[in-house]
Amino acid sequence: MVDIVVTPGSVVAGTNSTRDIGTAGETITAGQPIYLHATTNKWMKSDNNGTDTRTVHGISLNGASLNQPVSIHKSGDITIGATLVAGTDYWLSGTAGGICPRADLVAGMDTIQIGIAKSATVLSVDIQDPGVTLA
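Residues numbered from 1 in each chain as written. Predicted model: local features only at pLDDT ≥ 70, side-chain atom pairs only at ≥ 80, totals over all residues. Heavy atoms only, no water.

## What about the pattern of salt bridges?
Here comes step 1: One pass over the full model with this rule turns up 3 salt bridges.
Here comes step 2: A salt bridge links K74 to D20, with the nearest nitrogen and oxygen atoms 3.9 Å apart. Note that K74 is positioned in strand β6 (residues 69-79) and D20 in strand β2 (residues 18-23), a separation of 54 residues in sequence.
Here comes step 3: With a relative accessible area of 31%, K74 lands in the partly exposed category.
Here comes step 4: Classification of D20 as partly exposed rests on a relative accessible area of 34%.
Here comes step 5: In this structure, D77 and K118 form a salt bridge, with 3.0 Å as the shortest nitrogen-oxygen distance. Of this pair, D77 sits in strand β6 while K118 sits in the loop between β9 (113-117) and β10 (122-128), placing them 41 residues apart in sequence.
Here comes step 6: By relative accessible area, which is 53% here, K118 ends up exposed. (Salt bridge = Lys/Arg side-chain N within 4 Å of Asp/Glu carboxyl O. Helix = DSSP H or I, 4+ residues; strand = E, 2+ residues; numbered from the N terminus. Buried < 20%, exposed > 50% of the residue type's maximum accessible area, 1.4 Å probe, protein only.)

## Describing the packing of aromatic side chains
Here comes step 1: In this structure the tally under the stated criterion is 0 aromatic pairs.
Here comes step 2: The positively charged end of R102 is found above the aromatic ring belonging to W91, 5.1 Å away from the centroid. (Phe/Tyr/Trp six-rings, centres within 6.5 Å; stacked < 30°, edge-to-face > 60°. Lys NZ or Arg CZ within 6 Å of the ring centre and 35° of its normal.)

## Topic: the pairing of strand β3 (residues 33-36)
Here comes step 1: Pairing of β3 with strand β5 (residues 58-60) involves 2 bridges; the strand directions are antiparallel. Directly across from P33, in β5, lies its bridge partner I59.
Here comes step 2: Bridge count between β3 and strand β4 (residues 43-45): 3 bridges; the pairing is antiparallel. Counted as the bridge partner of Y35 is M44 from β4.
Here comes step 3: The hairpin formed by β3 and β4 contains 6 residues between the paired strands, and N41 there has a positive phi angle of roughly 60 degrees. (Pairing = 2+ DSSP bridges.)

These results come straight from atomic positions and should not be treated as a statement about function.
Here's what the structure looks like:
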């Protein structure tokens, strides 16, 4: 898997960002896809190879350790702090907290689209999860 390499200090929400705030359930780095754990009500790293972690509710806007506050980018533009290819769609990776291009999805992974690159630096986040697992 070739995940995008995010520079956490360069992750910035756009002016059209829809945001939330919560509590981290583990150490999270800015730019990672995260989900709200149903039992603990804390934010955790999404993982396409995990059990009960194959969901994305947003992208972390800051780093946080266990029980610290985390800001969540839920939709809209985000400067992700990585080099993107404009027009390319990006998906939840098999690495916890990772984002990859569609070509890197393999059998057994869910098709969870995070967004489409608007430029070499800006990802238009519109999370789509049709509930399909690749055969």
